[in-house]
Amino acid sequence: MVERGQLDRSGAPLRGGKLSDFEREVSRTYDTLLEDKFFSNRYVLIDRNGMVRWTFAETTTGTRRENAVLLSELEKLESSKK
């Protein structure tokens, strides 16, 4: 599912989309799914050319990256294109 209409920290519309692995197909394909918990605690940022630009794996299943961290990584990717 691609979510549109999301805003960045400045209130401007986000360009591009966010992908959700609701059925956990991608997590299974890349062997990151924790089957017993039915989720993956990994983040992967892929640019428009399909290149992996940032990854992060949580050390525990109860933690997650804050939205500010994820937005910061997205902004770095956008800045590197200029």
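Bear in mind that the values here come from a model prediction, so they are computed numbers and not experimental data.

1. Quick look at the overall build of the chain
Across its full length, the chain carries 2 helices and 4 strands. Reading the chain from its N terminus to its C terminus gives the helix and strand order β-β-α-β-β-α. Taken over 82 residues, the chain has a buried fraction of 15%. Taking as baseline every contact in the chain between residues at least 6 positions apart, the subset at least 24 positions apart corresponds to 22%. If you sum the accessible surface of the chain, you get close to 6,700 Å²; carbon and sulfur atoms cover 53% of it.

2. Quick look at the pairing of strand β3 (residues 42–46)
Covered by surrounding structure in β3 are Tyr-43 and Leu-45 only, the residues Arg-42, Val-44 and Ile-46 on the alternate face being uncovered. Connecting the antiparallel pair β3 and strand β4 (residues 52–57) is a turn made up of 5 residues, with Gly-50 showing a positive phi of about 85°.

3. Notes on the confidence of the model for the chain
Of all residues in the chain, 76% have pLDDT values of 70 or greater, and the mean over the chain is 78. Between the elements of the chain, mean pLDDT differs from a low of 41, seen in strand β1 (residues 2–3), to a high of 88, seen in β4.

4. With respect to the pattern of salt bridges
Enumeration according to the criterion identifies 3 salt bridges in this entry. Put simply, Arg-65 and Glu-58 hold a salt bridge, and the shortest N to O gap is 2.8 Å. Of the residues examined, Glu-58 reaches a relative accessible area of 7% and is grouped as buried. Among the salt bridges present, the one from Lys-76 reaches Glu-73, with a minimum N-O distance of 3.1 Å. Taken together, the residues span about one helical turn, with Lys-76 and Glu-73 both in helix α2 (residues 67–80) at a distance of 3 residues.

5. Structural notes on the packing of aromatic side chains
Counting across every chain of the model gives 2 aromatic pairs. Taking the centre distance of 6.4 Å and the plane angle of 40° together, the rings of Tyr-43 and Trp-54 count as tilted. You can see Tyr-43 sitting in strand β3 and its partner Trp-54 sitting in strand β4, a full 11 residues away along the chain. A relative accessible area of 17% places Trp-54 in the buried class. Connected via pairs of aromatic rings, a cluster forms that spans Tyr-43, Trp-54 and Phe-56.

Calculation rules
- Residues numbered from 1 in each chain as written.
- Predicted model: local features only at pLDDT ≥ 70, side-chain atom pairs only at ≥ 80, totals over all residues.
- Heavy atoms only, no water.
- Helix = DSSP H or I, 4+ residues; strand = E, 2+ residues; numbered from the N terminus.
- Buried < 20%, exposed > 50% of the residue type's maximum accessible area, 1.4 Å probe, protein only.
- Contact = heavy atoms within 4.5 Å.
- Areas by Shrake-Rupley, 256 points an atom, 1.4 Å probe, with all protein chains shown as cover.
- Pairing = 2+ DSSP bridges.
- pLDDT = per-residue confidence, 0-100.
- Salt bridge = Lys/Arg side-chain N within 4 Å of Asp/Glu carboxyl O.
- Phe/Tyr/Trp six-rings, centres within 6.5 Å; stacked < 30°, edge-to-face > 60°.

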